[in-house]
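# Summary of the model geometry
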Amino acid sequence: MKKIQYCFLIVVLLASVRGNVKGTPPDEGMWLPLLISQNFSEMQRLGLKLTPEQIYSINQSSLKDAIVHFGGGCTGEIISPEGLLLTNHHCGYGQIQSHSTVENDYLTNGFWAKSKKEELPNEGLVVSFLERIEDVTERVKRQLSDDMSEIERQQKLQTQIIPQIEKEASQGGKYRAVVKEMYAGSEFYLFVYQDYKDVRLVGAPPESIGKFGGDTDNWMWPRHTGDFTLFRVYMAPDGSPAEYSPNNVPYRSKHYLPISAKGIQKNDFAMIMGYPGRTNRYLTSYEVEQIFEQDNPLRIKLREKRLALMKEDMDADPIIRIKYASKYAAISNYYKYFIGQNKGLRRLRTIEYKREQEQKFMEWVNADPQRKQRYGKIFQEMKEAVEQNRTINPTNIYFREAVLASELLLLAHRLSFTYDKLVSGKKPTQEELEDLKEMAAKIHKDYNYATDIKITSALFQMYEKDIPKEHQPEVFQLIQKKYKGNYKAFFEKTFGASILKDPKKLENFITNFDHKVLEKDPAFKLYLDIRTKVRSVVTTISQNYELTRLKNTRLYIEGLRKMHSNKLFYPDANSTMRLTYGKVLDYKPMDAVHFDYITTIDGIFEKEDPTNPEFIVPSKLAELYKKKDYGRWGSNGTLVTCFITDNDITGGNSGSPVINGEGHLIGVAFDGNWEAMTGDIVFDKELKRTICVDARYVLFIIDKFAGATNILKELDIRY
Ligand code: ARG
């Protein structure tokens, strides 16, 4: 205990000066590629051989042209002149699942297209190439003023300034343009993308490789997962992005990553480019407390129930297993994340650490009357806003994690935006209706009515127990009175009579979307009643909390940047392209334990357990292992499977290329480690690692395991 406290103190001391003061070792930081020249000398010192122009340029092809935002939630990289794309197995999981049937089970058996003709199209999958980034801070700020209230500021930004810039930059729909706030709205950057919508599945290992270790190993090192999948981007024959068509041709890559088969050593330079989703490194102690005490415990509890019920049905029926595989994995992934985050917050005493940081900040503030004027109320205001928010926070969480966990109510939720439009006298566009149909068809393709009823009933029962009576919609009284507390009977009646339940009727309804008809649908009406009640309870407080948070986070970061004026700051992740650099590095997870920086195929067979579906090893892999038949990809009599680096990544980075000093791919990032699950809140230099699948393991699976020579031939491999 003492030891940990002592270690913690050192970490705290280091933390206050760490990170990118010019000249100190990096690791923490998700840097904007546009500004990467500010980190350049540091990167060179660590082993980078490229120039900033070779990483990000708008005048010549550069690394950034090979990195894509994959499906909005992951990263992918182009690895051949013909648009071959590498990402994680868990990023392609939904697509692999969607193509799977009990007869043709690609989840279990893997999938390898023998030629381009066999590649499988994926409706709804989009990959985005980044054309350019532009700093538009000056232009935005000219239209804002300091004496605007926060709500005026947000309205002006969201309804005028940002849409105007985006509209101009999209050039009449040629591009997708997005303006993002950085440093909580102190700076603004424009991102211009081209979206490609014909993206086909090329190759995927079986789950027993791509998801080896399952949920047991998830978020943990040492790891032995071949977490990769291959897709290909297609374009119209004239080179423009296009919807799927058999006439499309493979994307002509502006840049692609050669793959290094040389292997890695401890302390080798490693950088990762990709699309980290969200970090919250500037949360106040009050917000962290709220997450620790309210958000995470409720999310864990609700997801635990939902997963257990889902699993029952999946285990009982192979059709349901395939239908729910991807949903289950997604819920389970963050279920474990929330558990790990709370363990970490406790172990690393993050709330205490935050309080100390706040105290130091206030000392700096109080030393100067002008600072006091501008920054003096940040924490007091946040404390009060959080206190208020905590009275309605569980109701908000239950809406997201219980009400919308019901698939039919989620469907209602998605229809509700068009419903609202019609109610306010606007008409939906044809495109909007087509999108709704696609969404509904997608939900129904993998829907099992009985499972939904079971889960919805159980979660609503929890709602009734956990949420204050005065926050509950009236329907709970009805369930008690008319149905004698029989939730299942109530939902069978309500869902059973709904058009949302019937794919054909629903499609017809969307074609002639009429809000008056929808209002009378029992499932939609239930959704509306709950939404109305929840809104009446939470809106005022939630809005106040949100506005207070926006304003004070912006002020806090502004103050911190002044307080540490010789330090480079990076903005929180916000689903824009970032670069993190560091090195291949081992770590000590806890007292008396050391974790090496690589794992090998030997570890797969240490973990092998034919009685546990998460640890089954495919027989072909066992044969290769027995013969030590690793081809060109082995070294020292074994085969490296995964490795770790000290790079700074988060969810959304999944599938990102790990790149060496020459600009070649050495691995694919796929996870973070258990001891640093607080990483999205505080970066812990000693403990935080990125888990990567080694490029040589990927090549071995393509070559020796799958015998996919057609794919191998396309790659540019450096020995
Ligand atoms: N934890 C990983 C991430 O969020 C996902 C790993 C998927 N594997 C699994 N067993 N669920 O990026």
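Residues numbered from 1 in each chain as written. Predicted model: local features only at pLDDT ≥ 70, side-chain atom pairs only at ≥ 80, totals over all residues. Heavy atoms only, no water.

## Quick look at the overall build of the chain
In terms of regular secondary structure, the chain is built from 27 helices and 22 strands. For 719 residues, the compact-globule estimate of 2.2 N^0.38 gives 27 Å, and the chain sits close to it at 26 Å. Taken along the three principal axes of its C-alpha coordinates, the chain extends 70 × 70 × 60 Å. Considering only intrachain contacts with a sequence separation of at least 6, the fraction spanning at least 24 residues in the chain is 78%. Looking at the chain as shown, the accessible area adds up to about 30,600 Å², and 52% of this sits on carbon and sulfur atoms. (Helix = DSSP H or I, 4+ residues; strand = E, 2+ residues; numbered from the N terminus. Rg over C-alpha atoms; globule rule 2.2 N^0.38 Å. Contact = heavy atoms within 4.5 Å. Areas by Shrake-Rupley, 256 points an atom, 1.4 Å probe, with all protein chains shown as cover.)

## Here's the deal with a negative patch on the surface
On the surface, a cluster of negative charge is made up of Glu123, Glu431, Asp435 and Glu438. By the element assignment, aspartate 435 lies in helix α17 (residues 430-445). (Patch = residues over 30% accessible without salt bridge, like charges linked within 9 Å, V, L, I, M, F, W, Y side chains within 5 Å. Salt bridge = Lys/Arg side-chain N within 4 Å of Asp/Glu carboxyl O. Lys, Arg positive; Asp, Glu negative; His and termini not counted. Charge placed at Lys NZ, Arg CZ, Asp CG, Glu CD.)

## Things to note about the pairing of strand β13 (residues 269-274)
Along any regular strand the residues' side chains alternate between the sheet's two faces. In terms of burial, β13 is largely enclosed, as 6 of its 6 residues are buried. Covered by surrounding structure in β13 are Phe269, Met271 and Met273 together with Ala270, Ile272 and Gly274, the residues of both alternating faces. The pairing of β13 with strand β19 (residues 657-659) spans 2 bridges and is classified as antiparallel. Paired with methionine 271 across the two strands is isoleucine 659, which belongs to β19. (Buried < 20%, exposed > 50% of the residue type's maximum accessible area, 1.4 Å probe, protein only. Pairing = 2+ DSSP bridges.)

## Some points on the state of the cysteines
Enumeration according to the criterion identifies 1 disulfide in this entry. Here cysteine 74 is linked by a disulfide to cysteine 91, with a sulfur-sulfur distance of 2.1 Å. One quick way to see it: the torsion about the S-S bond of cysteine 74 and cysteine 91 is about -80 degrees, and its sign makes the bridge left-handed. Here cysteine 91 lies in helix α4 (residues 89-99) and cysteine 74 lies in strand β2 (residues 74-78), a separation of 17 residues in the sequence. For the pair cysteine 74 and cysteine 91, one class covers both residues: buried. (Disulfide = S-S within 2.5 Å.)

## Things to note about the environment of proline 522
Here proline 522 is to be found in helix α23 (residues 522-563). When sequence neighbours within four positions are dropped, the list of residues in contact with proline 522 reads Thr494, Ala497 and Ser498.

## Things to note about helix α16 (residues 407-423)
In a regular helix each residue adds 1.5 Å, so 17 residues correspond to 24 Å; α16 covers 24 Å between its end C-alpha atoms and thus fits that length. Largest kink in α16: about 35 degrees, centred on serine 416. Every buried residue of α16 is listed here: Glu407, Leu408, Leu409, Leu411, Ala412, His413, Leu415, Ser416, Thr418, Tyr419 and Leu422. Trailing α16 by a residue or two, glycine 425 shows a phi angle of about 85 degrees, which is positive. (Expected span 1.5 Å × (residues − 1). Bend = angle between axes of the 7 residues up to and from the residue.)

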